[in-house]
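Architecture at a glance
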Amino acid sequence: MDDLDGRLSALIAEIRQNPANSRKWRTAMNKLLLEIQQLPGLKKSVHQDYPEALNRTFEWVSREIAKFEPRQSSVSKSLVNWINGYLGWRIQDLHSPDKDAPISLNAPLAADIGETTRLELLPDVTLSGLDGMIENAQKESTQRIGLELKLYIEQDPEDKLKNSYPRSYPECNCQFLSKRRVLQDHPDKFQDLAEELNVKYTTLNSHWKRKCEPSLQEIARSLGYKQEPQP
């Protein structure tokens, strides 16, 4: 067994050994998804919505990985074949005749996704004030970073975002705020969030500016984001 097969087997075993959505499960799952993106032979597409197909596939992998059984001596080849079986259909969906027809972002995507909507799986991350981090969603590298940042926010593998909050207001943590301010197509207003959380507007806004934005910038840089020089 080579190093890649060893890493994949260890991560899959760790995922299976821990309760779904537990801290250890999320950490192992996040690492596995990052490994999967680098697997040789993973289906690709030049379609501008390919990150959407990939994101839907990651959601499926997160739910179904416990059922995966290698059918070849190489775990990596067996895993990529297993994933491509699902990803191929998602890519095919992108080229369906009605692909350009108007769609509702709040409509469920498909029966196998349950109540998950397109809005929830949008691969592009828009974050005002973060130096145009995801300015051009057509570029593959930017799409990858946007997708990985979205996954990081959702899974928060080290609880870095969840554990950052104003004193006495744990519900006002950076993960919650990032989901409402970053991952939504139309970010919630600070005033609305302040009323919902029963927190002072100034407290919430200050925490976002001083803690959450810098943390997201740091995470994005760790994923490979490089700020373009200003003209």
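Before reading further, recall that the structure is shown in the block above.
Worth saying up front: this structure is predicted, and the values here are computed from it rather than measured.

Digging into the overall build of the protein
Along its length, the protein carries eight helices and zero strands. For the protein, the α and β elements follow one another from N to C terminus as α-α-α-α-α-α-α-α. Each of the 231 residues in the protein was classed as buried or not, and the buried ones make up 46%. Restricting to contacts in the protein with at least 6 residues of sequence separation, those with at least 24 account for 64%.

Quick word on the pattern of salt bridges
In the structure shown here, the tally under the stated rule is 11 salt bridges. Where Glu-35 meets Arg-7, a salt bridge forms, and the shortest distance between an N and an O atom there is 2.8 Å. Of the two residues, Glu-35 sits in helix H2 (residues 23-37) while Arg-7 sits in helix H1 (residues 3-17), which places them 28 residues apart along the sequence. For Arg-7, a relative accessible area of 40% gives the class partly exposed. Across the pair Arg-180 and Glu-196 runs a salt bridge, and its minimum N-O distance is 2.7 Å.

Focus: the nonpolar core
In this structure, Leu-32, Ile-36, Leu-42, Ile-65 and Leu-79 are the most contacted members of the largest nonpolar core, which totals 31 residues. Taken together, the elements giving at least two residues each to this core come down to H1, H2, helix H3 (50-64), helix H4 (75-94) and helix H5 (140-155). Counting residues in each nonpolar core, the second largest holds 20 residues, with Tyr-152, Cys-172, Leu-204 and Trp-208 among its members.

Describing the side chain of His-47
Along the chain, His-47 turns up in the loop between H2 and H3. Accessibility expressed as a relative area gives 18% for His-47, which makes it buried. From its side chain, His-47 meets the backbone oxygen of Leu-94 in a polar contact 3.3 Å long.

A few points about the state of the cysteines
Tallied over the entire structure, the rule returns one disulfide. The side chain of Cys-174 participates in a disulfide bridge whose partner is Cys-212; the two sulfur atoms lie 2.2 Å from each other. Here Cys-174 and Cys-212 share a disulfide; its torsion about the S-S bond, -85 degrees, makes the bridge left-handed. One end of the pair, Cys-174, is in helix H6 (residues 174-181); the other, Cys-212, is in helix H8 (residues 201-222), and 38 residues separate them in sequence. You'll find Cys-174 and Cys-212 in the same group, each marked buried. With no disulfide of its own, Cys-172 lies closest to Cys-212 among cysteine sulfurs, the gap being 7.3 Å.

Notes on H3
Taking 1.5 Å per residue as the helical rise, H3 with its 15 residues ought to reach 21 Å, and the 21 Å between its terminal C-alpha atoms agrees with that figure. Burial within H3 is extensive, with 13 of its 15 residues counted as buried.

Scoring rules and cut-offs
- Residues numbered from 1 in each chain as written.
- Predicted model: local features only at pLDDT ≥ 70, side-chain atom pairs only at ≥ 80, totals over all residues.
- Heavy atoms only, no water.
- Helix = DSSP H or I, 4+ residues; strand = E, 2+ residues; numbered from the N terminus.
- Buried < 20%, exposed > 50% of the residue type's maximum accessible area, 1.4 Å probe, protein only.
- Contact = heavy atoms within 4.5 Å.
- Salt bridge = Lys/Arg side-chain N within 4 Å of Asp/Glu carboxyl O.
- Core = buried A, V, L, I, M, F, W, Y, C linked by side-chain atoms within 4.5 Å.
- Polar contact = N/O pair within 3.5 Å; in protein donor to acceptor, adjacent residues only side chain to side chain.
- Disulfide = S-S within 2.5 Å.
- Expected span 1.5 Å × (residues − 1).

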